[in-house]
There are 2 protein chains.
Amino acid sequence: MPALIRAVSDSDSIRRQNRALVLATLRRCGPLARTNLAAETGLSHASITAISQDMLAQGVLTELREDGSDPMRIRGRPAVRIGFNRLAGSVVLIELEVNRTQFSLVDYGGTLIDRFELPLRPDEFRDVAPADFIAGQLALLRERNRREMRALLAIAISVQGILDRDGGHLKWSPIAHLADRPIAEDVAAAFRVPVTLHKRGRLLAEGSRWLDPDLRDASVATVFIGSTVAMGLTFRGETIGRGNEGATEFGHMNHLPGGALCRCGARGCIEAYAADYAILRAAYSVPETAPPAASVPASQYEGLIARAGAGDRNTRHAFNMAGRAIGYGLSRVISLFDATHVRIVGPGARAYHLMRAEIEAALAASLVGRIAGLPAIAPQIDEKNAVFRGLMMKTLMRLDEEHFASLPSAAATA
Amino acid sequence: MPALIRAVSDSDSIRRQNRALVLATLRRCGPLARTNLAAETGLSHASITAISQDMLAQGVLTELREDGSDPMRIRGRPAVRIGFNRLAGSVVLIELEVNRTQFSLVDYGGTLIDRFELPLRPDEFRDVAPADFIAGQLALLRERNRREMRALLAIAISVQGILDRDGGHLKWSPIAHLADRPIAEDVAAAFRVPVTLHKRGRLLAEGSRWLDPDLRDASVATVFIGSTVAMGLTFRGETIGRGNEGATEFGHMNHLPGGALCRCGARGCIEAYAADYAILRAAYSVPETAPPAASVPASQYEGLIARAGAGDRNTRHAFNMAGRAIGYGLSRVISLFDATHVRIVGPGARAYHLMRAEIEAALAASLVGRIAGLPAIAPQIDEKNAVFRGLMMKTLMRLDEEHFASLPSAAATA
DNA sequence: AGTTCTTTTTTCGAGCATCGAAATTAATGC
DNA sequence: GCATTAATTTCGATGCTCGAAAAAAGAACT
């Protein structure tokens with residue numbers, strides 16, 4: 001129930017909402033016959049006919065001609081499934097991370113058309129404006145996919161760091177020289193499509209919801225542990241906060257006042273105990289006030305896990321401290337929002353068994369943990385695509401809602 | 001944008017939404033002429049006429065005949081203002097607190113009709129079922145207000161403690177013997193009206209939003225400091241979470257692992273540093289592992305503030321530690337949700353000047369505090385009515401939305 | 001007292017999206 | 001070729017909003 005910022009409702013808003021409902025259902029279930037669409041949405045068959053005719057005429061949806069033999073069919077008129085018209089448009093999804101970046105071109109149906117990945121030099125953005133870097137790569141993408149890029153409808157960029165309340169501007173980022181540079185505006189101006197920035201941690205939550213159906217309507221805290229620590233929260237199936245407000249900065253939530261030195265410069269952040277560099281530091285008994293390593297290769301992190309597995313006391317202790325930081329962090333989170341599920345993702349998921357005892361102990365020590373019970377915690381090893389998936393679904397569903405659901409009726413246009 | 005749990009939209013939902021819009025506007029602005037109502041809601045004059053005629057006929061709204069001379073009026077047809085029909089129904093609002101309880105009878109227009117307050121014995125609910133206690137007081141209220149109680153539409157109860165996810169059941173409470181007893185069900189059965197439970201901390205946030213127009217659309221953390229510590233969060237003008245899920249348990253959020261002993265039995269809760277009993281304990285150098293005092297009289301707490309003001313080192317230190325706990329707690333909260341405003345309410349608001357430096361230092365030490373800037377923090381001394389106000393607005397607006405906005409049209413009935 | 005002006009409120013017809021029920025379509029089975 | 005079955009469309013009704021024009025209710029002016 002929106003509280004005060006209500007809008008007038010009229011036949012046009014009904015139209016938009018029901019069209020959006022149809023599109024959301026197709027995103028969730030894949031192509032469906034009109035009959036199933038009616039059952040799934042709760043709309044009458046008559047309305048589904050009207051809506052689908054309209055959107056077929058507009059080229060938003062398309063009928064799937066599946067002449068492939070269908071041995072299961074029994075009798076009656078065969079169902080014709082309807083799905084997204086892949087030609088309706090395309091979007092570019094960009095993932096900017098500390099040392100790599102990935103560009104993906106996806107059509108309206110969610111099919112990957114082209115993709116490439118680049119390493120990112122630490123000083124990349126010192127000399128080149130981020131927007132120019134992106135524009136350059138997009139030009140490349142356009143070379144290779146002229147047709148699809150002509151139908152470009154949106155560009156969405158996943159970034160790490162702190163966005164301002166409107167989500168249009170990066171105020172701080174672990175990616176060097178990236179914060180406080182105009183990105184969305186400049187790219188939007190060059191390509192004449194809307195450009196949105198998204199916080200990586202939230203996309204992770206969004207993405208794991210799409211990858212694991214159990215989580216779809218649950219309240220989930222998705223914790224990424226790797227070279228940073230991040231969290232996305234969903235609440236009964238909705239990502240918390242609209243837009244980019246309310247993005248969580250779990251990694252830089254304080255764990256111990258005046259504690260270990262974090263890459264962000266503050267003391268006692270969770271990240272300063274649980275990120276890869278923190279484990280490295282503790283495992284080799286480097287003082288926790290020592291400046292963090294610039295980066296920890298994946299292989300080295302794996303090595304630390306192995307060392308702990310082999311029984312090395314210092315390394316085990318390092319992971320214990322990490323678990324304690326994560327656990328108390330989670331206990332603080334559930335004091336504010338009672339998550340029913342916790343998913344640990346990223347490289348740190350492989351070290352979950354080393355942290356588990358401390359995580360559970362910390363949660364059990366809190367009032368909410370005792371009363372409401374512990375959330376179901378599980379590592380999720382294979383989440384490589386979660387960010388991409390989240391970015392894609394978010395972007396496509398935004399198109400569904402804001403663009404395609406509100407097209408004027410085809411009849412009116414004709 | 002609701003993500004997946006969408007509902008079909010039809011002309012009936014338009015009807016409901018626009019009626020709810022009209023009612024919400026009247027709650028916000030008070031009685032309005034039809035013309036102003038149209039301007040304020042964005043609905044056409046024609047629709048406002050239709051809607052108001054309908055709701056006048058149903059007795060939901062009523063025309064205010066204000067024949068009082070109106071020297072300001074210039075020309076033209078005089079405007080007739082429309083307001084809530086006070087006879088449309090009434091609600092009982094119950095505030096259960098650790099040592100007192102208050103019963104208020106309010107009509108649909110929000111006018112207080114009757115009220116009484118009782119002290120609550122610590123063992124009150126050991127011998128008497130909470131529902132029986134409440135039913136007894138309600139019977140009394142009925143004696144005194146036969147007419148209004150016949151039109152009773154809802155009972156809403158403010159409680160302290162942890163509610164389950166559906167908000168129907170109290171799982172833990174600082175009020176002795178109150179948790180895990182059937183309350184809502186039994187009272188509902190006895191009086192045949194819906195009974196809802198509300199967490200006090202959230203009502204505080206809801207109420208201060210209504211009392212301070214600046215906060216109406218802001219993201220606010222309202223912190224209560226007194227015999228307990230509690231927090232309500234609003235997010236761009238909406239209370240976080242629907243229903244009772246997501247209720248914050250700020251007072252029992254961990255501050256220091258293994259720290260001071262809290263009334264809840266856990267160690268290191270914020271409350272164990274910042275509630276009145278914690279100040280008392282620290283001011284007299286009682287070990288922080290000593291069991292908390294059962295209750296601290298208001299006068300004694302005032303005495304502690306005075307003592308600190310007079311320069312007593314131990315007491316000053318006690319308030320500093322409290323500020324530190326609150327400050328780090330807030331820094332953790334804003335790492336998850338960037339509040340723009342913080343309001344300190346309750347008895348502790350009078351001690352704000354003693355805690356302020358530590359609160360601000362803690363916030364400034366966090367990444368989010370540094371990057372996004374500190375929220376505007378201010379004590380709000382006079383909040384006596386905030387809980388009542390929040391409870392009332394929440395309950396009446398719920399009636400607006402769920403009951404009166406969805407009545408079938410008067411024409412259809414006739 | 002009557003007329004003009006101004007502002008509020010209502011009336012009227014059109015537009016549009018939904019719905020239920022009935023009709024139509026396109027296959028299978030015999 | 002004809003009955004059966006299931007998917008889809010057509011049709012008329014309903015209910016809500018809206019814009020424009022009309023009606024209502026006083027104040028101001030002559």
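A quick note: this is a predicted structure, and the numbers were derived from the prediction, not measured.

Overlaying chain A with chain B gives an RMSD of 0.1 Å, the required rotation being 180° about an axis along which the chain moves by 0.0 Å. Such a combination of rotation and displacement between the chain copies is what one expects of a two-fold axis. An overlap of 98% is found between the interface residues of chain A and their copies at the interface of chain B, pointing to a shared contact surface.

Residue and element names in this part refer to chain B. Ordered by their spatial adjacency, 3 strands build an open sheet running β1-β3-β2, and the pairing between neighbours is antiparallel. This sheet does not close on itself; its edge strands, each paired only once, are β1 (32–33) and β2 (61–63). Looking at chain direction, β1 and strand β3 (residues 81–84) are connected through 2 bridges and run antiparallel. Looking at β3, one finds that Ala-33 is bridged to Arg-81.

Time to look at the protein's contact with DNA strand C. Taken together, 35 residues lie near DNA strand C, and Ala46(A), Ser47(A), Arg77(A), Gly76(B) and Arg77(B) sit nearest. Broken down by secondary-structure element, the contributors of at least two residues to the surface near DNA strand C are α1 (11–29) and α3 (45–57) of chain A together with α2 (34–41) and α3 (45–57) of chain B. Per-class residue counts for the surface near DNA strand C are 13 nonpolar, 14 polar and 8 charged.

Right, let's get into the pairing of strand β10 (residues 195–199) of chain A. Residue and element names in this part refer to chain A. Across the 5 residues that make up β10, a large majority, 4, are buried. Of the pairings in the sheet, the one linking strand β7 (residues 152–159) to β10 comprises 5 bridges and is parallel in character. The residue of β10 that forms the bridge with Ile-155 is Val-195.

What follows deals with helix α8 (residues 200–211) of chain B. All names here are of chain B. For α8, with 12 residues, the first-to-last C-alpha span of 16 Å sits near the 16 Å given by 1.5 Å per residue. Burial of α8 is extensive: 10 of the 12 residues sit out of reach of the surface. Among the residues making up α8, those that are buried are Arg-200, Gly-201, Arg-202, Leu-203, Leu-204, Ala-205, Glu-206, Gly-207, Ser-208 and Arg-209.

Okay, the sheet that holds strand β10 (residues 195–199) of chain B next. Residues and elements named next belong to chain B. Sheet architecture is open: 5 strands sit in the order β6-β5-β4-β7-β10, paired in mixed fashion. Here the strands that pair on one side only, and so sit at the sheet edges, are β6 (112–119) and β10. When strand polarity is set aside, the average angle formed by the axes of neighbouring strands in this sheet is 15°. Both strand β4 (residues 90–96) and strand β5 (residues 100–107) contribute to a ladder of 7 bridges, which runs antiparallel. In the sheet register, Val-92 faces β5, and the bridge partner there is Leu-105. Against the sheet, α8 makes contact with β7 (152–159) and β10, and its axis sits at roughly 85° relative to β10, the strand it touches most. Lying on the sheet, helix α15 (residues 386–402) is in contact with β4, β5, β7 and β10; it crosses β4 at an angle near 145°.

The next point concerns the domain arrangement of chain A. Residue and element names in this part refer to chain A. We note that the domain assignment places domain 1 (11–84), domain 2 (88–202 + 388–401) and domain 3 (213–379) within chain A. For domain 1 versus domain 2, the distance between C-alpha centres works out to 31 Å. If you look at the interface, domain 1 gives 8 residues, while domain 2 gives 7 residues. Secondary-structure elements contributing two or more residues to the side of domain 1 that touches domain 2 are α1 and β3 (81–84). The greatest single-element share of the side of domain 1 that touches domain 2, amounting to 4 residues, is contributed by α1. For the side of domain 1 that touches domain 2, the class distribution of residues is 5 nonpolar, 2 polar and 1 charged.

Further remarks concern the pairing of β4(B). Residues and elements named next belong to chain B. Counted residue by residue, β4 has 7 buried out of 7 residues, so it is predominantly covered. Burial along β4 is two-sided: Ser-90, Val-92, Ile-94 and Leu-96 and Val-91, Leu-93 and Glu-95, pointing in opposite directions, are all buried. Between β4 and β5, which pair antiparallel one after the other, the connecting turn spans 3 residues. Pairing of β4 with β7 involves 6 bridges; the strand directions are parallel. From the neighbouring strand, Val-91 faces β7, where its bridge partner is Ala-154.

Moving on to the protein's contact with DNA strand D. Taken together, 35 residues lie near DNA strand D, and Arg34(A), Gly76(A), Ala46(B), Ser47(B) and Arg77(B) sit nearest. Contributions of two or more residues to the surface near DNA strand D are made by α2 (34–41) and α3 of chain A together with α1 (11–29) and α3 of chain B. Residues of the surface near DNA strand D, tallied by class, amount to 13 nonpolar, 14 polar and 8 charged.

Reading guide: rules and limits
Residues numbered from 1 in each chain as written. Chains lettered and ligands numbered in written order. Predicted model: local features only at pLDDT ≥ 70, side-chain atom pairs only at ≥ 80, totals over all residues. Least-squares fit on C-alpha atoms with pLDDT ≥ 70 in both. Contact = placed C-beta atoms within 7 Å. Pairing = 2+ DSSP bridges. Helix = DSSP H or I, 4+ residues; strand = E, 2+ residues; numbered from the N terminus. Near = placed C-beta within 6 Å. Nonpolar A, V, L, I, M, F, W, Y, C, P; charged D, E, K, R; others polar. Buried ≥ 20, exposed ≤ 12 C-beta atoms within 10 Å, placed from the backbone. Expected span 1.5 Å × (residues − 1). Axes fitted to C-alpha atoms, helices over the stretch in contact; angles between N-to-C directions. Domains from an automatic or database assignment.

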